[in-house]
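Fold and geometry: a report
What follows is each chain in one-letter form.
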Amino acid sequence: MSSDMWEERVISWYSEHRGLLRDEAEMEYLKIAQDLEMYGVNYFQIKNKKGTDLWLGVDALGLNIYEKDDRLSPKISFPWSEIRNISFHDKRVSDLASVSVVV
């Protein structure tokens, strides 16, 4: 979504929720925020074995690998239920479903 589209959306949300009590406004904010693609994701800059810059996204559902310029659409996803082992040694995470990344 472009910044102009975001601006229009924020103005629309503001006008829809104008006049709410603080607690009500916070609840409405959380309802909107939780539906955003990046809500609850912590990002870490990583490199793969080839040295390509990527993002590692960690959220409640699992681990996601994103391309450097796109943090909305994961390139690869690993649900927690499918991750059996994560090894870490000297800034290197490996044994993640045969993926090795440098953090």
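See the structure shown above.
Structural notes, computed from the coordinates.

So, how was this worked out
- Residues numbered from 1 in each chain as written.
- Predicted model: local features only at pLDDT ≥ 70, side-chain atom pairs only at ≥ 80, totals over all residues.
- Heavy atoms only, no water.
- Patch = residues over 30% accessible without salt bridge, like charges linked within 9 Å, V, L, I, M, F, W, Y side chains within 5 Å.
- Areas by Shrake-Rupley, 256 points an atom, 1.4 Å probe, with all protein chains shown as cover.
- Salt bridge = Lys/Arg side-chain N within 4 Å of Asp/Glu carboxyl O.
- Helix = DSSP H or I, 4+ residues; strand = E, 2+ residues; numbered from the N terminus.
- Buried < 20%, exposed > 50% of the residue type's maximum accessible area, 1.4 Å probe, protein only.
- Contact = heavy atoms within 4.5 Å.
- Core = buried A, V, L, I, M, F, W, Y, C linked by side-chain atoms within 4.5 Å.
- Pairing = 2+ DSSP bridges.
- Phe/Tyr/Trp six-rings, centres within 6.5 Å; stacked < 30°, edge-to-face > 60°.

1. As for a nonpolar patch on the surface
Judged by side-chain polarity, Met 27, Tyr 29, Leu 30 and Tyr 39 come together as a nonpolar surface patch covering roughly 460 Å² of accessible area. With respect to the helices, strands and loops of the structure, Leu 30 is situated in helix 2 (residues 22-33).

2. Some thoughts on the environment of Leu 56
Relative to the elements of secondary structure, Leu 56 occurs in strand 2 (residues 53-59). Judged by its relative accessible area of 10%, Leu 56 falls in the buried class. Between the C-alpha atoms of Leu 56 and Arg 71, which are 15 residues apart in sequence, the distance is 9.2 Å. Ignoring anything within four residues of it in the chain, the contact list for Leu 56 reads Asn 42, Tyr 43, Phe 44, Ile 46, Leu 63, Asn 64 and Ile 65.

3. Re the nonpolar core
Judged by nonpolar contacts, Ile 46, Leu 54, Leu 56, Leu 63, Ile 65, Phe 78 and Ile 83 together constitute the single largest core of 7 residues. Sorting the residues of this core by element identifies strand 2 and strand 3 (62-67) as the ones contributing at least two each.

4. Some details on the pairing of strand 2
Taking burial as the measure, the 7 residues of strand 2 include 5 buried ones, the bulk of the element. As judged from the 6 bridges shared by strand 1 (residues 42-48) and strand 2, these two strands associate in the antiparallel manner. Counted as the bridge partner of Gln 45 is Trp 55 from strand 2. Hairpin connection from strand 1 to strand 2: 4 residues lie between these consecutive antiparallel strands, with Gly 51 at a positive phi of about 90 degrees. Here strand 2 folds back onto strand 3, and the loop between the two strands holds 2 residues.

5. A look at the packing of aromatic side chains
According to the stated counting rule, one finds 2 aromatic pairs in the structure shown. For the ring pair Tyr 43 and Trp 55, a centre distance of 6.3 Å and an interplane angle of 80 degrees mean the geometry is edge-to-face. You can see Tyr 43 sitting in strand 1 and its partner Trp 55 sitting in strand 2, a full 12 residues away along the chain. Both residues of the pair, Tyr 43 and Trp 55, belong to the buried class. For the ring pair Tyr 43 and Tyr 66, a centre distance of 5.5 Å and an interplane angle of 65 degrees mean the geometry is edge-to-face. You can see Tyr 43 sitting in strand 1 and its partner Tyr 66 sitting in strand 3, a full 23 residues away along the chain.

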